[in-house]
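Spelled out, the chains give:
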Amino acid sequence: MRFRHLDGSIVHLSYCTNVHPAETLDGVRAQLRDHCEPVRRRLGRDRLGIGLWLAREAARVLINDPAELRALRAELDSRGLEVVTLNGFPYEGFGADEVKYRVYRPDWTEPERLAHTTDLARLLAALLPDDVTEGTISTLPLAWRTPYATDPGAARTARAALTTLAQRLDALAELTGKSIRIGLEPEPGCTVETTADAIAPLTDVGHERIGICVDTCHLATSFEDPDTALDALTAAGIPVVKSQLSAALHAEHPHLPEVRTALATFAEPRFLHQTRTRTAAGLRGTDDLDEAVAGGALPDSTPWRAHFHVPLHAPPAPPLTSTLPVLRATLARLVGGPVPLTRHLEVETYTWQALPAELRPRTRTQLADGIAAELTLARDLLVDLGLKELP
């Protein structure tokens, strides 16, 4: 979906296909047929943006077979789909029964991460629509905090990898005329947990093609104020490459038994749901939601937030809610001013099948309806900010 900003530039809205995990190219094609095109039809659009997730195996097939890449580009066109952004965070196995800590490997100290991201950049340059010259890729925020924090050479290795990536992106732009930019995506528990944590390593790299991806669920989980965060990034000259529109789980009164019971229904075995609370001494947290609800790990006199991407249009029932207000405030700063701070927006609710059983979509039709409803909400927010929806 495309929108014209007040400054005349085009802002792209897509939804991320990691909600339909597939490891193979055949699986990706099935996603386009079974999910992405039906969502487009529900929205009554001739064209729909998707934030494509390409696992390592699918990406390697496309890199090694130009005919397969051309065929994928043609299929996107024929189904009314366009790709301006990729989710390069998960490397493989995102559809496994248990993902948890696996999603953080390989990290930016390992050569596989650089090789995979380079492949993704080359693929995105080929998949961009003919009238689009800039693509974006979100990626792991360097590494999970351990063992990175105790390895004296880790920061140096990661910085060297990002510097090499920047050089490759420059060469790719010269060769293709397409500018591909990479955004580190701060996430609770990682080396770069907050936007503030991103400033030093990105300043060290110091390249316009390497910036930040602001995920509004992660921002909210860490209790970051959107204005403060974006002001600091602007002052440091760190570009917001893209933003993922998502909402976290919020519990205002975690000391109440009924709140703990409600939170426990969101603790599940597939993904990590890092949980945070803000205290006078600073941010406190656990790596997963079950650790928090078990009692004793976190103070419960202040609100809790959990890294659980809840559907934008359907906040959980009381006594819980979502951090949709943080998304609204962030979006207003990102695209509500005279010049957009980013032009790539991506709805990323990948946890539909991890929701409590009574909230999960039971059919493809229900899932497509839910994704379409999320995109409709995001579209309405953009229109309310003065952007004009384009055909």
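One can find the structure itself at the top, above this paragraph.
Residues numbered from 1 in each chain as written. Predicted model: local features only at pLDDT ≥ 70, side-chain atom pairs only at ≥ 80, totals over all residues. Heavy atoms only, no water.

(A) Quick peek at the overall build of the chain. Helices and strands together make up the secondary structure of the chain, namely 13 helices and 15 strands. In terms of principal-axis extent, the alpha carbons of the chain reach across some 55 × 50 × 45 Å. Taken over 391 residues, the chain has a buried fraction of 59%. Residue pairs at least 24 apart in sequence account for 79% of intrachain contacts in the chain once pairs closer than 6 positions are excluded. Carbon and sulfur atoms make up 52% of the accessible area of the chain, which amounts to about 15000 Å² in all. Distance between charge centres in the chain, computed from 41 positive and 52 negative side chains, equals 4 Å. (Helix = DSSP H or I, 4+ residues; strand = E, 2+ residues; numbered from the N terminus. Buried < 20%, exposed > 50% of the residue type's maximum accessible area, 1.4 Å probe, protein only. Contact = heavy atoms within 4.5 Å. Areas by Shrake-Rupley, 256 points an atom, 1.4 Å probe, with all protein chains shown as cover. Lys, Arg positive; Asp, Glu negative; His and termini not counted. Charge placed at Lys NZ, Arg CZ, Asp CG, Glu CD.)

(B) Structural detail: the pattern of salt bridges. Scanning all chains against the criterion turns up 31 salt bridges. A network of salt bridges, in which partner residues are shared, links D26, R29, E37, R40, R41, E68, E75 and R79. (Salt bridge = Lys/Arg side-chain N within 4 Å of Asp/Glu carboxyl O.)

(C) Here's a closer look at helix α12 (residues 324–335). Along its 12 residues, α12 runs 16 Å from first to last C-alpha, staying within 8% of the 16 Å computed at 1.5 Å per residue. Among the residues of α12, L324, V326, L327, T330, L331, L334 and V335 are the ones counted as buried. Buried residues of α12 fall within an arc of 145° about the axis and therefore sit on the same side. (Expected span 1.5 Å × (residues − 1). Arc of directions from axis to C-beta.)

(D) Summary view of the packing of helix α9 (residues 226–236) against α12. With their axes 9 Å apart at the nearest point, α9 and α12 run at an angle of 35° to one another. Relative to α12, the crossing made by α9 is right-handed. Facing P226, D227, L230 and D231 of α9, the residues of α12 in contact are V326, A329, T330, R333 and L334. Class assignment of the residues belonging to the contact of α9 with α12 gives a composition of 5 nonpolar, 1 polar and 3 charged. (Axes fitted to C-alpha atoms, helices over the stretch in contact; angles between N-to-C directions. Left-handed = near helix turned anticlockwise from the far one by under 90°. Nonpolar A, V, L, I, M, F, W, Y, C, P; charged D, E, K, R; others polar.)

(E) Representation of the pairing of strand β8 (residues 240–245) in the model. Counted residue by residue, β8 has 6 buried out of 6 residues, so it is predominantly covered. Relative to β8, strand β7 (residues 210–215) runs parallel, the two sharing 4 bridges. Residue pairing in the sheet places V214 in a bridge with S243 of β8. For β8 and strand β14 (residues 344–347), the ladder comprises 3 bridges, and the chain directions are parallel. From the neighbouring strand, Q244 faces β14, where its bridge partner is E346. (Pairing = 2+ DSSP bridges.)

(F) Summary view of the nonpolar core. By size, the foremost hydrophobic cluster in this structure holds 115 residues, and its most contacted members are L13, Y15, W108 and L375. Setting aside anything within four residues of it in sequence, one finds L375 in contact with M1, L13, S14, Y15, V39, L43, L48 and V347. (Core = buried A, V, L, I, M, F, W, Y, C linked by side-chain atoms within 4.5 Å.)

(G) Molecular detail of the environment of A235. In this structure, A235 sits in helix α9. The exposure class of A235 is exposed, given its relative accessible area of 71%. The spacing of A235 and I199 is 36 residues in sequence and 10.0 Å in space, taken between C-alpha atoms.

(H) Broad picture of the side chain of D119. Tracing the chain through its elements places D119 in helix α4 (residues 111–127). Non-local contacts of D119, meaning those with residues more than four positions away in its chain, are made with R60 and I63.

(I) Spatial organisation of the pairing of strand β5 (residues 134–139). Within β5, 5 of the 6 residues are buried, which leaves it mostly tucked inside the rest of the structure. Taken together, the 3 bridges between strand β4 (residues 81–87) and β5 define a ladder with parallel strand orientation. Within β5, the position partnered with N87 by the bridge is S138. A crossover connection joins β4 to the parallel β5 through α4; in handedness this β-α-β unit is right-handed. Where β5 and strand β6 (residues 179–184) come together, 6 bridges link them in parallel fashion. By the bridge assignment, E134 is partnered in β6 with S179. (Right-handed = clockwise from strand over helix to strand, strands pointing away.)

(J) Highlighting the packing of aromatic side chains. This structure, assessed with the given rule, holds 8 aromatic pairs. Look at F94 and F271: their rings are 5.2 Å apart centre to centre, the planes differ by 45°, and that puts the pair in the tilted class. You can see F94 sitting in the loop between β4 and α4 and its partner F271 sitting in the loop between α10 (257–264) and β10 (275–279), a full 177 residues away along the chain. Given the relative accessible area of 5%, F94 is considered buried. (Phe/Tyr/Trp six-rings, centres within 6.5 Å; stacked < 30°, edge-to-face > 60°.)

The values reported here are purely geometric and, on their own, carry no functional implication.
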